[in-house]
Amino acid sequence: ASGDARFVVLEGDPGIGKTRLADELRLIAEEAGSLTLWGRSDEGGAAPALWPWLSPLRALTDHTGDVPEPIAALLSGEAVILPGQGPTVRFELFEAIAASMEQAGAERPVVLLIDDLQWADVTSLELLGFLAGRLRSGVLVVATMRRLEVGQHGAVTDALADLARRRGSRRLLVRGLRAEATTEILDGLDPRVAAAIHERAEGNPFYAIELARLVDEEGRLPDDVPGSVGDVVRRRLAGLPGPTAELLGVAAVQGREIDLGLLAASVGTDLASCLDVVEPAVVQRLLEDDPDRVGGLRFSHALVRDVLLDGLTSLRRARLHLALADAIVARGAGRDEVEILAEHLWQAAPVGVGRRAADALEAAAEVAVSRVAYTDAEDLLNRAVRLRQALGAGADEARAELATLVRLLEITQITRYFQGADHEVVQRAVDLALELGEQEVHRRLAWYQWAAGATAARVDECGPLAAAYRTRFRDDEVALVRSSAHEVYAVWCWGAGLIGEAVRELDRAFDLLDGVAPPEDTFGSEQYVVTFTFWLYNHLLHGSLDVDEGKRLFQQLHDQVPDPVGRASVCGFAMTSFAPLFEWEVVEHFEQLALEADPRSQYGFWGGQLMMHRGILAVWKGRIDDGIELFADGRDRYMGIGGCSGMHSFEASMALLMAQQGRIEGARTAADAARTFIDTRHERWAEPLVCLAEAAVLHGEGDPTAARAKLHEAREVAARQEAFAMFARVDRLARELGLETPSS
């Protein structure tokens, strides 16, 4: 129990024996006294979020007798997640799961088996990746999965990468049986027949066993031996009575595990009659007892279900999905069935239940959010939007679509800040709000649209958006709204390098907030914090706020923000404000506060920035290689979700510090990247810093004349921007390089 946690992935072709191998391991582990937990993914896409983990977690908490609040909320579905709180709740949940597993593992080893990883939902895969980096001892996690296609990327490959980084993890390819092993499992067959089966099955045990079922009483294979395992299954299905084969098709639509009561209800019969019809399939071992459910059945192999589904037309499949949905509704959908119901209705949409399916998808999205499965919630809402748009152009349909779009944007903001949603989705929501006369919704969406462009450093695109927002709302009767009009325009000025104008606009915005209580809603409080942080940001660059006072005010704001995500954002603003001023000790101070709020750098946008700042500080401290690695990982994370604002500053900071550490080649690469960001994105607020970084690199390359020219350019750009605080930084670098101080 005291051993290090281990992770193993068993990968192989369908029917190769991955699940059987894992089950044998389970039996051995149980005999040795281990606590074994088994979870399975659902290949039909109808399972709830975190489905592979729900059964193991229930078994784990039954064993320990201790149910931490985050796990209890997950299992009951009672958690309520608000925008901005999501990552915090998810971290608490994942941390609680890891702690519970380690607690159980301290008493006796825990063996957790997850079957069919390739079908797991995104949040389940993220939890697996989290555990790979968090679990310390007492736990063995074994996952089975089908072999991935070459070049495949996605949540599965991300999880596998997390596992690969875990020391001691293993990814094992399960290959076909040797000839003697095939003969052994086909005990009783003529060795020559067994050898022929082995050659045809290429060592696949499931295929070999199915072929052996075709051997006649005289010990011979038929002349028309099926050419694939699918053909073998089709041949066996063809031998079933017609009603049994028909009912198996309905069962296949339900999933691998069969709810017999639901199956009976969906075809309009009673349970006893349903059992009579399916019995031949049990006799033929196409169905087997489900070890996890007393009296339950499941397909003996996923391949059996695959063949049945392939035999259904799309229209027939849609009708069967609707019948199953009606049966679920008739008996009352429990919490775990909300997402299953939504999936069935989504698949049934072609037969005229689009509105009903959209309602179900939206309800399922709320369950997914309560289980911190934000990616699943986004997918559900995106599908609901598509259905809403197909329903028509009436006012009721438009309002329903707008509500769905707003909720979608709220959820994407949880983990990806304002870059989360597709630009067309945002524009569609803006247009609908305006068309329907929803003025406040329209304003919030317009602010969201502008913020998405600003955080992605699309300065040219943001200009017209900021101007339109300012024109429309600067005379609004609500002070907070008027303030936001100045704030939006000020942030565009900042991005364009107009620091003085940004300061003046932010002063106007800030004056309007005097005496106004901070909003309690998430959206309003976000605007309030953005206004204050940008006021600090620009006044520091402008030189109208000194470093000590700026640090004090950032600290004060940090201490007032109640949630970790908000504190991480304040720290991100602070670090980005003080880095261009070479105030590395202050940057380090807010780095430590950010790590307290976000210890695993998980908050997408801010987590990516935090990792880059950690890399910058590591270079400052002389840990150059560690810094380069941290910075690269943070940049990939940040830009991977669409973040781009400030990249010229981050790259320039790296270039300057690397040049000072004598890493001129790497410094040149970073300085060129910083300049490229300015040239392509036109975000210019840190352009004086980029000039300073280029000066340091040129000096390191042995060109003091060019370095001196860059120092002069840095001062000229700072003067033009009214970024007067940069003058002292120009003079400081000139002294460090032994060059003359540029004249004012």
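The model shown is predicted, which means the values in this text are computed figures rather than measured ones.

Draft legend 1. Representation of the overall build of the protein. The number of helices and strands found in the protein is 35 helices and eight strands. Projecting the C-alpha coordinates of the protein onto the three principal axes gives extents of approximately 105 × 60 × 50 Å. The buried share among the 744 residues of the protein stands at 56%. Taking the contacts inside the protein whose residues are at least 6 apart along the sequence as the reference set, 68% of them involve residues at least 24 apart. Looking at the protein as shown, the accessible area adds up to about 30900 Å², and 50% of this sits on carbon and sulfur atoms. The distance from the centre of the 76 positive side-chain charges to the centre of the 115 negative ones in the protein is 2 Å.

Draft legend 2. Highlighting the pattern of salt bridges. A full pass over the atoms with the stated rule returns 49 salt bridges. D306 is the salt-bridge partner of R146, the closest N and O atoms lying 3.4 Å from each other. Taken together, the residues span a long stretch of sequence, with R146 in strand β4 (residues 139–146) and D306 in helix α14 (residues 302–310) at a distance of 160 residues. Overall, R146 belongs to the buried group, its relative accessible area being 17%. For D306, a relative accessible area of 21% puts it in the partly exposed group. Through salt bridges that share partners, R675, R684, E687, E694, K710 and E713 make up one connected network.

Draft legend 3. Fine view of the environment of E591. In this fold, E591 is placed in helix α28 (residues 584–597). By relative accessible area, which is 7% here, E591 ends up buried. Along the chain, E591 and A568 lie 23 residues apart, while their C-alpha atoms are 9.2 Å from each other. Beyond its immediate sequence surroundings of up to four residues, E591 is in contact with M575, L610, R614 and L617.

Draft legend 4. Seen up close, the sheet that holds strand β1 (residues 6–12). Judged by pairing direction, the sheet is parallel, and its five strands sit side by side in the order β2-β3-β4-β1-β5 without closing on themselves. The open sheet has two free edges, formed respectively by β2 (35–40) and β5 (170–173), since each of these has just one partner strand. Averaged over all pairs of adjacent strands, the angle between strand axes in this sheet comes to 15°, irrespective of strand direction. Along the sheet face, helix α6 (residues 155–165) touches β1, β4 and β5 and points at about 135° away from the line of β1.

Rules of the game
Residues numbered from 1 in each chain as written. Predicted model: local features only at pLDDT ≥ 70, side-chain atom pairs only at ≥ 80, totals over all residues. Heavy atoms only, no water. Helix = DSSP H or I, 4+ residues; strand = E, 2+ residues; numbered from the N terminus. Buried < 20%, exposed > 50% of the residue type's maximum accessible area, 1.4 Å probe, protein only. Contact = heavy atoms within 4.5 Å. Areas by Shrake-Rupley, 256 points an atom, 1.4 Å probe, with all protein chains shown as cover. Lys, Arg positive; Asp, Glu negative; His and termini not counted. Charge placed at Lys NZ, Arg CZ, Asp CG, Glu CD. Salt bridge = Lys/Arg side-chain N within 4 Å of Asp/Glu carboxyl O. Pairing = 2+ DSSP bridges. Axes fitted to C-alpha atoms, helices over the stretch in contact; angles between N-to-C directions.

On their own, these measurements won't tell you what the molecule is for.
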